[in-house]
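# A look at the structure
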Amino acid sequence: MRRLTVALVERSYPILIGGGLLSRADLILPFLRTPRVALVSNTTVAPLYLDVLARGLEKVGVGITPIILPDGEAYKNSESLNRIYDALLAGRCDRSTTIIALGGGVIGDLAGFAAATYQRGVPFVQIPTTLLSQVDSSVGGKTGINHPRGKNMIGAFWQPKLVLADTDTLKTLPDRELSAGLAEVIKYGLIRDLSFLEWLEANLEGLLARDGELLAQAIERSCANKAEVVAADEYETVSEGGRALLNLGHTFGHAIEAGLGYGEWLHGEAVAAGTVMAAELSHRLGWLSVADVGRVRALLRRAGLPVTGPDLGAARYLELMSHDKKVVSGRMRLVLLQVLGEAVTHAAAPREEIVAAIEACCRE
Ligand code: NAD
Ligand code: GLY
């Protein structure tokens, strides 16, 4: 088992990564305030993994309120949140009950926001079961739901007490979801870890073949990168760099997700095409070489990800990008690459260069 720490003084917590961890209630028990949990999952993940987790917890005397939600980004909303509150109240869960999220990023974000708000905050444990959630969404305390007018628009920072990533759960993950998770893994290499990028280039086929050891290494290195960034800028308030750098490709990507309608492309797929746009713009600003952009594109393509965006029209991209949460006082701050392995936030890219980068990446 691999162990990392997210260092946030009194809110510090461990990330445990390895095979067979779901049945290890002994790893969870020390983090429960009382032997009482509400286990939030969905109709896809619960039949696969809820039993093994629940049996282990029951064996050590933990009482469980299961809360099973419908599956999908479309259910990351106030209705599902209310279903969680209703079940917590019906189950007489109190302020010492720990909420456990068992699932991908949708369940993690929803259950985390319920934990942040139920009775003004209860303890929370993340048990992520997708690659994306094991390398990104379960770490760092961003929780929330979507609003009809925007994704992740309602939420809170609420750090978990523990992140338990059982790499065996990735065996049942659909190929498309594995690739979507790899987009976020590649992101860490691009923004701050060139040697990890080189390692990914050398080991991508093994990761796609779901080699457990390689996946565990990739998850550990990704989480180590995320933990360092979060420890330095927990609330994303550092104006230059900081936590915002984790959003490489996301401003373009959110435009793709919103422009096509949520759910058409997976988040990681939109981030992949958005990352190519960010790399292309970085080249146009004189930072990346043509060869660097080709390297970004080649790695994402090998990971099974789209490297061109849908042709929404540059004007529509710009309109959708202007709703991004990184827009401050009307200025669009983009995450760009000065060199491979080093990202910056940049608010001065000329509009015509942004348009040219989008147009270059909406055709092969
Ligand atoms: P997801 O939670 O929708 O999971 C993807 C699909 O895989 C779902 O159908 C799910 O039921 C299924 N699934 C989960 N685990 C499985 C398993 N082991 N075997 C088989 N199927 C499994 O999507 P995701 O990619 O995990 O997360 C995306 C969400 O995460 C988005 O809502 C995004 O906004 C959010 N997110 C949050 C953060 C953050 O910092 N909080 C960061 C990135 C993304
Ligand atoms: N996924 C971006 C962040 O956690 O800040």
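Structure first, text after, so check above.
Here is what the cut-offs are and how they apply
- Think of each chain on its own: its residues are numbered from 1, step by step along the sequence as written.
- All chains are assigned letters beginning at A, and all ligands numbers beginning at 1, according to the order in which they are written.
- Local features are withheld for residues below a pLDDT of 70 in this predicted model, meaning they are given only at 70 or higher, and side-chain atom pairs are given and counted only at 80 or more; totals for whole chains, interfaces and linings count all residues.
- Only hydrogens and water are set aside when side-chain values are computed; all heavy atoms of the structure are taken into account.
- Each helix is a run of H or I in the DSSP string that is no shorter than four residues. Each strand is a run of E no shorter than two, and both are numbered from the N terminus.
- Two things to know: the radius of gyration comes from C-alpha atoms, and the globule rule equals 2.2 Å times the number of residues to the power 0.38.
- Buried means the residue's accessible area, taken with a 1.4 Å probe over protein chains only, is under 20% of the maximum for its type, while exposed means over 50%, and partly exposed covers the values in between.
- Should any heavy atoms of two residues lie within 4.5 Å, those residues are counted as being in contact.
- We get accessible surface area from the Shrake-Rupley algorithm with a probe of 1.4 Å; when it comes to residues, only the shown protein chains can shield them.
- What a helix is expected to span follows from its residue count: subtract one and scale by 1.5 Å.
- Note on bend: at a given residue it equals the angle between the axes fitted to the 7 residues ending there and to the 7 starting there.
- For helices, the fitted line uses only the C-alpha atoms of the stretch in contact; every axis is such a line through C-alpha atoms, and the angle between N-to-C directions lies from 0 to 180 degrees.
- Oblique is the label for any angle not covered by the other classes, which are roughly parallel (under 35 degrees), roughly antiparallel (over 145) and roughly perpendicular (65 to 115).
- Each residue receives one of three labels: charged for Asp, Glu, Lys and Arg, nonpolar for Ala, Val, Leu, Ile, Met, Phe, Trp, Tyr, Cys and Pro, and polar for the others, Gly being one of them.

## Looking at the overall build of the chain
A count of helical and extended segments in the chain gives 13 helices and 11 strands. The globule rule puts the C-alpha radius of gyration for 364 residues at 21 Å, and the 20 Å found for the chain is close to it. For the chain, buried positions account for 57% of its 364 residues. For the chain, contacts bridging at least 24 residues in sequence account for 75% of all contacts bridging at least 6. Carbon together with sulfur atoms contributes 51% to the accessible area of the chain, which is approximately 14600 Å² in total.

## Describing helix α7 (residues 194-208)
For α7, built from 15 residues, the straight-helix expectation of 21 Å at 1.5 Å per residue is met to within 8% by its first-to-last C-alpha distance of 20 Å. Bending of α7 peaks at approximately 60° at the position of A202. Regarding α7, the residues found buried are F196, L197, W199, L200, N203, L204 and L207. Those residues of α7 that are buried lie in contact with α6 (175-192), α8 (212-232) and α11 (290-302). Two residues or fewer after α7 comes R210, characterised by a positive phi angle close to 65°.

## Quick word on the packing of helix α9 (residues 250-260) against helix α12 (residues 314-321)
Two numbers describe a pair of packed helices, the interaxial angle and the distance between the axes. Two elements in contact, α9 and α12, have axes whose closest approach is 8 Å; the angle formed by their N-to-C orientations is 105°. The orientation of α9 with respect to α12, classified from their angle, is roughly perpendicular. Across from T251, F252, A255, I256, A258 and G259 in α9, the residues of α12 making contact are Y317, L320 and M321. Classifying every residue of the contact of α9 with α12 by side-chain character gives seven nonpolar, two polar and no charged.

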